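One-letter residues, chain by chain:
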Amino acid sequence: MNGIALSELCCLLCCPPCPSRIASKLAFLPPEATYSYHADESGTKFSMHFTEKAEWQHSERERENIEGFYARTSRGNKIGCIFVRCSPNARFTILFSHGNAVDLGQMSSFYWGLGNRINCNIFSYDYSGYGVSTGKPSEKNLYADIDAAWHSLRTRYGISPENIILYGQSIGTVPTVDLAARYEVGAVILHSPLMSGMRVAFPNTKRTWFFDAFPSIDKVPKVTSPVLVIHGTEDEVIDFSHGYNIYKSCPRAVDPLWVEGAGHNDVELFGAYLTRLKQFVSEELVN
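This is a predicted model, so every value here is computed, not measured. (Residues numbered from 1 in each chain as written. Predicted model: local features only at pLDDT ≥ 70, side-chain atom pairs only at ≥ 80, totals over all residues. Heavy atoms only, no water.)

Brief notes about the packing of aromatic side chains
Across all of its chains, the model carries 24 aromatic pairs by this definition. Centre to centre, the rings of Phe28 and Phe214 are 6.3 Å apart; their planes meet at 85°, and the pair counts as edge-to-face. Separated by 186 residues along the polypeptide, Phe28 in the loop between helix H2 (19-26) and strand S1 (35-39) and Phe214 in the loop between helix H7 (197-201) and helix H8 (216-219) bring together distant segments of the chain. Accessibility expressed as a relative area gives 9% for Phe28, which makes it buried. By relative accessible area, Phe214 is classed as buried at 1%. An aromatic cluster of three or more residues is present, and its members are Tyr35, Tyr37, Phe46 and Tyr70. Sitting above the plane of the Tyr70 ring, Lys78 keeps its charged end 4.5 Å from the centroid. The ring of Phe69 has Arg156 lying over it, and the distance from NZ or CZ to the ring centre is 4.0 Å. (Phe/Tyr/Trp six-rings, centres within 6.5 Å; stacked < 30°, edge-to-face > 60°. Helix = DSSP H or I, 4+ residues; strand = E, 2+ residues; numbered from the N terminus. Buried < 20%, exposed > 50% of the residue type's maximum accessible area, 1.4 Å probe, protein only. Lys NZ or Arg CZ within 6 Å of the ring centre and 35° of its normal.)

Side note on the side chain of Asp178
Turning to its location among the elements, Asp178 is positioned in helix H6 (residues 173-180). At 3.0 Å, the side chain of Asp178 forms a polar contact with the side chain of Arg182. Excluding its chain neighbours within four sequence positions, the residues that come into contact with Asp178 are Tyr143 and Lys219. (Polar contact = N/O pair within 3.5 Å; in protein donor to acceptor, adjacent residues only side chain to side chain. Contact = heavy atoms within 4.5 Å.)

Details of the side chain of His231
In this fold, His231 is placed in strand S9 (residues 227-232). Taking relative accessible area as the criterion, His231 reaches 0% and is therefore assigned buried. Engagement of the side chain of His231 in a polar contact is seen with the side chain of Asp235, the distance being 3.2 Å. For His231, the residues in contact, after removing those within four places along its chain, are Ser192, Pro193, Ile238, Asp239, Phe240, His242, Gly243, Leu257, Trp258 and Val259.

Details of the UniProt feature "domain: Serine aminopeptidase S33" (unreviewed entry) in the protein
Residues annotated in UniProt with the feature "domain: Serine aminopeptidase S33" (unreviewed entry) correspond here to residues 90-198. End C-alpha atoms of residues 90-198 are separated by 39 Å, and the span's content is 39% helix alongside 19% strand. (UniProt positions renumbered as here; feature names shortened; annotations may be inferred.)

Describing the pairing of strand S6 (residues 121-125)
With respect to burial, S6 is a largely interior element, five of its five residues being buried. Here S6 shows no split at all, with Asn121, Phe123 and Tyr125 on one side and Ile122 and Ser124 on the other all buried. Pairing of strand S4 (residues 78-84) with S6 involves four bridges; the strand directions are antiparallel. By the bridge assignment, Phe83 is partnered in S6 with Phe123. (Pairing = 2+ DSSP bridges.)

Things to note about the pattern of salt bridges
Under the counting rule described, the total for this entry stands at nine salt bridges. As a salt-bridge pair, Glu184 and Arg252 come within 4.0 Å of each other at their nearest N and O atoms. Here Glu184 is found in the loop between H6 and strand S8 (187-191), whereas its partner Arg252 is found in the loop between helix H9 (240-249) and strand S10 (257-259), with 68 residues between them in sequence. Judged by its relative accessible area of 42%, Arg252 is partly exposed. Where salt bridges share partners, they join Asp147, Asp178, Arg182 and Lys219 into one cluster. (Salt bridge = Lys/Arg side-chain N within 4 Å of Asp/Glu carboxyl O.)

A word on H9
Along H9, the positions that sit buried rather than exposed are His242, Gly243 and Ile246. Buried residues of H9 fall within an arc of 95° about the axis and therefore sit on the same side. In this fold, the buried residues of H9 make contact with S8, H7, H8, S9 and S10. (Arc of directions from axis to C-beta.)

A look at the packing of helix H5 (residues 139-156) against H6
Two packed helices can be described by the angle between their axes and the distance between those axes. Relative to each other, H5 and H6 sit at 60°, their axes nearing to 9 Å. Here H5 and H6 pass one another in a crossing that is right-handed. Contact residues: H5 offers Leu142, Tyr143, Ile146, Asp147 and Trp150, while H6 offers Val174, Pro175, Thr176, Asp178 and Leu179. (Axes fitted to C-alpha atoms, helices over the stretch in contact; angles between N-to-C directions. Left-handed = near helix turned anticlockwise from the far one by under 90°.)

Some details on the environment of Phe123
Summarising the element assignment, Phe123 is placed in strand S6. Under the relative-accessibility criterion, Phe123 is labelled buried at 0%. Placed 25 residues apart in sequence, Phe123 and Ala148 show a C-alpha to C-alpha distance of 12 Å. With residues near it in sequence (within four places) discarded, Phe123 still touches Phe69, Cys81, Ile82, Phe83, Thr93, Ile94, Leu95, Phe96, Ala149, Ser152, Leu153 and Tyr157.

Printed below as a string of structure tokens:
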């Protein structure tokens, strides 16, 4: 049966794992919160206060360029969001959906450094159950979380869709693809994407089962925006084949970045990463 053993097939059909169980096994590893919010006098804006685990690497003055707030999702959760003002003349704002074992406190230094280097502001959010966000992580909450983040970015900051770049990393590619399949934006960046949960758990899976979680491979053909796919060739968590097949399924894919020798968590350490992003944002999207 196209690479899946008969015994596995029988097991799957007789006792199929529910999507939430696949999701919890493969994706969600929320760390202990590495930051807290401190409200201003209005109670609507928050400054971020980091714990030692956040490893903020910049000055207090730079931290003042991070504005925090809460957004309410359609599923009743309250998620933490941040807007990182990296550049006063940035054309694009990146809506960044981070990986599975970090929160906004741990990502803030990276956001500041990335935004400054590629001249973009960065908006990000914590999934339900991560950081200061309420609720529990689940596939359905992922989609509701990014919807709330998207509408906050559009209404609170007035950013037009053509000036928004959706960036998903690892599990963050799941809500990114879902949103990109429903809205046309300036561009989409998929960093170490997965085709679906079952294809990660059972690498020989060739089709999308009805109980599969995170079926990005079925949604990518609906993405009408330019898509840059980035993947390490030695990824030990999400095999390189996932990125390659996602790339082949994108109607408007640009030249991908296959980082030779990179694994799942070190792509950003290779010089080609920043070079490709700069080229994409400052040259390909402008022309």
